[in-house]
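The primary structure of each chain is shown beneath.
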Amino acid sequence: MSGFLLQRLMQAILLLLIVSMIGFAILHLAPGGPLSQFAAGGEMNQEDLDRIIEQLGLNRPLPVQYAEWLWRMLRGDWGLSYRDQQPVLHIIAGHLGPTLELMLTSTLLAMMIGAWIGIIGAVKRYSLFDSVATIGTMIALSIPTFWFGLVVIYVFSVGLGWLPSGNRFTIGDGSFLNRLHHLVGPCVVLALVSTAVWSRYMRSSMLDVINQDFVRTARAKGVPERRILLQHVLRNALLPMITITGLHVPSLLSGALVTETVFTWPGMGRLFLDSISYRDYPVVMGILMFTAVMVLLGSLLADLLYGVADPRIARSGR
C-alpha cells in the first residue's frame, strides 16, 4: 500500500508541474496582459509603463519568469496581487473559509439525500419511486447551475422573500442563524447536481453487490434481509463511493465558482473570476495551483481510505 501511495504522490507532483506550466503560459500569452489595467485609464505614459514592466519582471523571457515564479512559490512566496499589492496567500486564505463552508455543507447534503435515493432505488428497482428518481436525476443533471441559481433567487428571494438574494451574512448581523439563512440558497443550488450524481452511483453500486454470490448465499442461509442490506450489501457498495468522493472535487469546485458568482458569495470562485477580469495573474495562478493541490489531495485521500476500507488493497502492496 505504501508503494502504491508513493507512486501516486510522484505522479501528483509531476501533474502539478505540468498544470503550472500550462496555466502560466496561457495567462501570460493571453491578449491584453497584466498591464492593461494600468493603461486603461490613459493616465500613464510609456515611461511609467516601462518602469512597471521592469518592476514586475515582465520584460524577461517567459521561461525565466516561470522559473522565478516556481522557485518563489516553492519557498512559500506566491507573489503580490497586481490589484491591491497584498500577498496572494493572504488573499486566498481570506476567501477559503466561505468556499469550504459552502462545499462541505452542500457535499454532506448531497451525500445524505443522494445515498438515500440510491439505496431505496436499488432495493425497490423498477418501482414508481425508482422511476421518479431516475427522471428527477436526469432533469437535475440537465439544469445549468447558473440558471437554477437565478430561479432560486427570483422565486424564493424576490417573489416569496424567504431567502436572501446574496452575500454570506447581513451587514451588522453576523449571527449563526443569519449566516445559516444566507447559506440555504447557494447550498441547495450547489447540491442539486451532486445529489443526482451520488444517487445514480449509489444505485448502480448497490445493484452490483446485490447480484453477487455471497448475497445469495446469505439469503440461502436464512439471514434476515435487513441484516444482509446493512452488513453485507451497503458496506461493500460504499467502497466505490470512496473513490468517487475524491474524483468529485473538481465538479464541486467548478460548481462553486458559478454558484458563488450568482449569489455574490465571497469565496474563491468569485475571487477567481474577479482576478481574471482584472488580469491579476499572481492571484489567478495561486488559485489555480491551490485548486490543483486540493483535487490531487482528494484523490490521494480517496486511495488511502479505499485501502483502509478494503484490506485486500493494503495487503497487495500496490
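Small disclaimer: the values here were computed from a predicted structure and weren't measured.

Another point: the overall build of the chain. Along the chain, the regular secondary structure elements total 14 helices and zero strands. When the helices and strands of the chain are read in sequence order from the N terminus, they spell out α-α-α-α-α-α-α-α-α-α-α-α-α-α. Buried positions account for 38% of the 318 residues belonging to the chain. For the chain, the proportion of contacts with a sequence separation of at least 24, taken over those separated by at least 6, is 74%.

Attention shifts here to the environment of Val88. When you line up the elements, Val88 lands in helix H5 (residues 88–123). According to the relative accessible area criterion, Val88 is buried, its value standing at 1%. On a C-alpha basis, the gap between Val88 and Pro282 in space is 6.8 Å, while along the polypeptide they are 194 residues apart. Setting aside residues no more than four positions away along its own chain, Val88 makes contact with Trp78, Gly79, Leu80, Ser81, Pro282, Val283 and Gly286.

Bringing the pattern of salt bridges into the picture now. Tallied over the entire structure, the rule returns four salt bridges. The partner of Arg216 in a salt bridge is Asp213, and the shortest N-O contact between them spans 2.7 Å. Of this pair, Arg216 and Asp213 both sit in helix H9 (residues 213–220), three residues apart, roughly one helical turn. By relative accessible area, which is 55% here, Asp213 ends up exposed.

Quick look at the packing of aromatic side chains now. The geometry of an aromatic ring pair is captured by two quantities: the separation of the ring centres and the angle between the planes. This model, assessed by the stated rule, comprises five aromatic pairs. Counting every residue linked through ring pairs, the aromatic cluster contains Phe24, Tyr66 and Trp69. Over the aromatic face of Tyr278 sits the side chain of Arg83, whose NZ or CZ is 3.9 Å from the ring centroid.

By the secondary structure assignment, Met206 is in helix H8 (residues 176–210). Separated by 27 residues in sequence, Met206 and Val233 place their C-alpha atoms 6.6 Å apart. Excluding residues that lie within four positions of it along the chain, Met206 makes contacts with Ile119, Ala122, Val123, Val233, Leu234 and Ala237.

On the surface, a cluster of nonpolar side chains totalling about 620 Å² of accessible area is made up of Leu14, Leu15, Leu17, Ile18, Met21, Ile22 and Ile26. Note on placement: Leu15 falls in helix H1 (residues 2–29).

Formed by 25 residues in total, the largest nonpolar core has its most connected members in Trp69, Met73, Ile92, Val283, Met285, Ile287 and Met289. Secondary structure elements with two or more residues in this core: H1, helix H4 (62–74), H5, helix H12 (268–277) and helix H13 (281–309). Take this core: its biggest share by element is eight residues, from H13. Residue contacts for Trp69: discarding those within four places in its chain leaves Ser20, Phe24, Met285 and Met289. In this structure, Ala122, Leu207, Val215 and Ile228 belong to the second largest nonpolar core, which totals 18 residues.

A separate point is the UniProt feature "transmembrane region" (unreviewed entry) in the chain. Per the UniProt record, "transmembrane region" (unreviewed entry) is annotated on residues 12–30, 102–123, 135–163, 183–201, 237–263 and 283–309. As annotated, residues 102–123 comprises 100% helix and 0% strand, and the C-alpha atoms at either end are separated by 32 Å. Measuring from the first to the last C-alpha atom of residues 135–163 gives 28 Å, for a span that is 79% helix and 0% strand.

Before going further, it helps to spend a moment on the side chain of Ser81. Position of Ser81 relative to the elements: it lies in the loop between H4 and H5. Polar contacts involving the side chain of Ser81 include one to the side chain of Asp84, which spans 3.1 Å. Excluding its chain neighbours within four sequence positions, the residues that come into contact with Ser81 are Gln86, Val88, Ile91, Asp280 and Val283.

Reading guide: rules and limits
Residues numbered from 1 in each chain as written. Predicted model: local features only at pLDDT ≥ 70, side-chain atom pairs only at ≥ 80, totals over all residues. Heavy atoms only, no water. Helix = DSSP H or I, 4+ residues; strand = E, 2+ residues; numbered from the N terminus. Buried < 20%, exposed > 50% of the residue type's maximum accessible area, 1.4 Å probe, protein only. Contact = heavy atoms within 4.5 Å. Salt bridge = Lys/Arg side-chain N within 4 Å of Asp/Glu carboxyl O. Phe/Tyr/Trp six-rings, centres within 6.5 Å; stacked < 30°, edge-to-face > 60°. Lys NZ or Arg CZ within 6 Å of the ring centre and 35° of its normal. Patch = residues over 30% accessible without salt bridge, like charges linked within 9 Å, V, L, I, M, F, W, Y side chains within 5 Å. Areas by Shrake-Rupley, 256 points an atom, 1.4 Å probe, with all protein chains shown as cover. Core = buried A, V, L, I, M, F, W, Y, C linked by side-chain atoms within 4.5 Å. UniProt positions renumbered as here; feature names shortened; annotations may be inferred. Polar contact = N/O pair within 3.5 Å; in protein donor to acceptor, adjacent residues only side chain to side chain.

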